[in-house]
Amino acid sequence: MKRFALAASVLSVLSISAASAYAADLAARPYTKAPPMMMAAYDWSGFYVGVNGGYGSSSNCWNVDNIAGTPVVPGAPEGCSRANGGTAGGQIGYRWQAGALVAGLEAQGNWADLSGSNLSLAFGPGVTNQSKIDAFGLFTGQFGYAWNNALLYVKSGIAVTDDNYKGITTGLGTAFDAGKETRAGFAAGVGLEYGFTPNWSLAVEYDHFFMFENGVSFTAVGGGALSRIEDIHQDVDLVTARINYRFGGPVVARY
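Rules behind the numbers
- Residues numbered from 1 in each chain as written.
- Predicted model: local features only at pLDDT ≥ 70, side-chain atom pairs only at ≥ 80, totals over all residues.
- Heavy atoms only, no water.
- Phe/Tyr/Trp six-rings, centres within 6.5 Å; stacked < 30°, edge-to-face > 60°.
- Buried < 20%, exposed > 50% of the residue type's maximum accessible area, 1.4 Å probe, protein only.
- Helix = DSSP H or I, 4+ residues; strand = E, 2+ residues; numbered from the N terminus.
- Lys NZ or Arg CZ within 6 Å of the ring centre and 35° of its normal.
- Patch = residues over 30% accessible without salt bridge, like charges linked within 9 Å, V, L, I, M, F, W, Y side chains within 5 Å.
- Areas by Shrake-Rupley, 256 points an atom, 1.4 Å probe, with all protein chains shown as cover.
- Salt bridge = Lys/Arg side-chain N within 4 Å of Asp/Glu carboxyl O.

Undergrad: Run through the packing of aromatic side chains, naming residues and quoting values.
TA: Enumeration over the complete set of coordinates arrives at eleven aromatic pairs. Taken together, a centroid distance of 4.8 Å and an interplanar angle of 55° make the contact between Tyr-42 and Trp-44 tilted. On the accessibility criterion, Tyr-42 (8% relative accessible area) is buried. Trp-44 sits in the buried class, given a relative accessible area of 2%. Seen from their ring centres, Phe-47 and Tyr-94 are 4.5 Å apart, and the 65° between their planes marks the pair as edge-to-face. Taken together, the residues span a long stretch of sequence, with Phe-47 in strand β2 (residues 46-67) and Tyr-94 in strand β3 (residues 70-98) at a distance of 47 residues. Of the aromatic side chains, those joined through ring pairs into one cluster are Phe-47, Tyr-94 and Trp-96. Its end group placed over the ring of Tyr-153, Arg-95 keeps NZ or CZ at 5.7 Å from the ring centre.

Undergrad: Now, about a nonpolar patch on the surface: what can you tell me, with residues and values included?
TA: Side chains of Leu-101, Phe-143, Tyr-145, Trp-147, Leu-152, Val-154, Val-190, Leu-192, Val-204, Tyr-206 and Val-239 sit close together on the surface and give an oily, nonpolar patch of about 1,000 Å² of accessible area. Those elements that place two or more of their residues in the nonpolar patch are β5 (124-147), β6 (150-169), β7 (174-195) and β8 (200-220). It is β5 that provides the largest number of residues to the nonpolar patch, a total of three residues.

Undergrad: So, the pattern of salt bridges: which residues are in play, and what are the values?
TA: Per the stated rule, a full pass over the model turns up twelve salt bridges. The closest approach of N and O atoms between Arg-82 and Asp-237, which form a salt bridge, is 3.8 Å. Residue Arg-82 is located in strand β3, and its partner Asp-237 is located in strand β9 (residues 226-246); the two are separated by 155 residues in the primary sequence. One salt bridge connects Glu-181 with Arg-183, and the closest N-O pair in it is separated by 2.5 Å. Assessed through its relative accessible area of 2%, Arg-183 is described here as buried.

And the structure:
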């Protein structure tokens with residue numbers, strides 16, 4: 001009986017010592033947090049193609065400085081008009097992403113029907129000058145900042161417009177002379193794009209074209225002889241909705 005009581009006392013002391021040692025070991029260990037959850041990061045990098053459509057408005061101010069080969073000095077102002085209408089086209093580009101910063105290059109080509117007219121201040125109310133943009137192209141660079149699948153960007157580069165002009169007899173609607181040109185200028189714009197799937201995105205964009213002033217030669221309808229030379233100053237404002245498909249992999253994980 002004495003031996004049993006002694007053994008029980010020894011076991012009790014050993015168990016208390018072991019519990020104390022385990023508690024001390026836990027207290028000595030550093031506290032570690034659970035690993036953070038991963039969140040999906042939208043990837044804007046890669047090639048993309050898309051379509052766009054919207055509304056444009058062009059300002060065209062005419063100034064005649066030559067009539068039938070005879071210089072007009074100083075040039076005579078003929079007034080300005082707004083050429084308004086719709087546009088539709090497509091774009092292709094490539095983007096690079098580093099963290100939240102996104103850069104890219106894009107080419108865009110659009111059909112357009114921006115037309116307008118004004119009565120000539122130089123030739124009188126019997127002459128109407130008509131301006132029309134049939135098409136335009138953009139070659140631009142982009143720079144933006146991404147909040148996951150939302151991207152705010154600015155763009156700038158070269159704008160090219162295809163322009164057609166006519167002199168029309170007011171009231172009759174008969175063209176008596178015409179001129180055409182392909183004009184190059186500078187474009188600047190801003191856009192907001194939202195990725196609604198890993199590869200598809202929607203955007204709204206505003207662009208302004210600085211097309212400056214250019215001399216346009218008009219020839220008589222039917223005869224081909226020079227009728228006049230007009231210095232025409234042009235600016236274009238454009239608002240479009242866009243949808244893009246990006247070629248690339250799925251979203252990537254980040255902490």
